[in-house]
Amino acid sequence: MGTTNEKIVASLNNLVQINNDRIQGYLTAAQETDQDDLKSVFSEMMTSSQECRRELVQEISKLGGDSDRRNNCFR
C-alpha cells in the first residue's frame, strides 16, 4: 500500500484520464456534426473539461505527484 498522498495522486490521475477521454469525445462529436449549435455545445463542454483537467494537474503537483500524461490529449 502506498502513502495517502500516493493514493490521492492515483485517484486524481484517474480523473485526469476521464477528462482526457471526455475531451477527445467532445472533439470527435464536434467534428462529426454539421449542426453549428451542437458544435458550440461540444466546444463549451470540451473547454470545461480542459479546465477541470488543468485544476486536477495543479492539485497533483501540489501533492508532489506526476500527472498521467499517457493520453495524447494532455496539454
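Before any of the text, the structure's been laid out above.
None of the values given here were measured: they were computed from a predicted structure.

Caption draft 1: Representation of the nonpolar core within the structure. Counting 6 residues, the largest nonpolar core consists of Val9, Leu12, Val16, Leu56, Val57 and Ile60. Looking at this core, the elements that each hand over two or more residues are helix H1 (4–32) and helix H2 (36–62). Not counting chain neighbours up to four residues away, the residues in contact with Leu12 comprise Leu56, Glu59, Ile60 and Leu63. Ile23, Tyr26, Ala30 and Phe42 belong to the second largest nonpolar core, which has 5 residues in total.

Caption draft 2: Up close: the pattern of salt bridges. This model, assessed by the stated rule, comprises 2 salt bridges. Put simply, Glu59 and Lys62 hold a salt bridge, and the shortest N to O gap is 3.2 Å. One end of the pair is Glu59 and the other is Lys62, both in helix H2 and 3 residues apart, which spans about a single turn. Glu59 sits in the partly exposed class, given a relative accessible area of 36%.

Caption draft 3: Region of the structure containing H1. An ideal rise of 1.5 Å per residue puts 42 Å on 29 residues; H1 measures up with 42 Å between its terminal C-alpha atoms. Buried within H1 we find Val9, Leu12, Asn13, Val16, Asn19, Asn20, Ile23, Tyr26 and Ala30.

Caption draft 4: Geometry of the side chain of Thr33. The topology assignment puts Thr33 in the loop between H1 and H2. Excluding residues within four positions of it along the chain, Thr33 makes contact with Leu38, Lys39 and Phe42.

Caption draft 5: The arrangement of the packing of H1 against H2 in detail. Direction vectors running N to C along H1 and H2 enclose 160°, while the axes themselves pass 9 Å from each other. Regarding the angle of H1 to H2, the classification is roughly antiparallel. Pair H1 / H2 crosses with left-handed handedness. When its residues are assigned to classes, the contact of H1 with H2 shows 16 nonpolar, 6 polar and 4 charged.

Calculation rules
- Residue numbering note: each chain is counted from 1, following its sequence as written.
- Where totals are concerned, whole chains, interfaces and linings use all residues; where local detail is concerned, this predicted model gives features only for residues with pLDDT of at least 70, and gives and counts side-chain atom pairs only at 80 or more.
- Calculation of side-chain values draws on the structure's entire complement of heavy atoms; hydrogens and water are dropped beforehand.
- Only buried residues count toward a nonpolar core, which is a set of Ala, Val, Leu, Ile, Met, Phe, Trp, Tyr and Cys residues joined through side-chain atoms within 4.5 Å.
- With a 1.4 Å probe rolled over the protein chains alone, any residue whose accessible area is under 20% of its type maximum counts as buried; one over 50% counts as exposed, and the rest are partly exposed.
- Under the scheme used here, helices are H or I runs from DSSP no shorter than 4 residues and strands are E runs no shorter than 2 residues, and both carry numbers assigned from the N terminus.
- The contact definition used throughout considers only heavy atoms, calling two residues in contact when any of these lie within 4.5 Å.
- Salt bridges are defined as contacts in which a side-chain nitrogen from Lys or Arg sits within 4 Å of a carboxyl oxygen from Asp or Glu.
- Given the number of residues in a helix, its expected span is that number minus one, multiplied by 1.5 Å.
- For helices, the fitted line uses only the C-alpha atoms of the stretch in contact; every axis is such a line through C-alpha atoms, and the angle between N-to-C directions lies from 0 to 180 degrees.
- Any angle that is under 35 degrees is reported as roughly parallel, and any over 145 degrees as roughly antiparallel; angles of 65 to 115 degrees are reported as roughly perpendicular and all others as oblique.
- Left-handed describes a crossing whose near helix is turned anticlockwise from the far helix through less than a right angle; right-handed describes the clockwise counterpart.
- In this count, Pro and Cys sit with the nonpolar residues alongside Ala, Val, Leu, Ile, Met, Phe, Trp and Tyr, while Asp, Glu, Lys and Arg are called charged and the others, Gly among them, polar.

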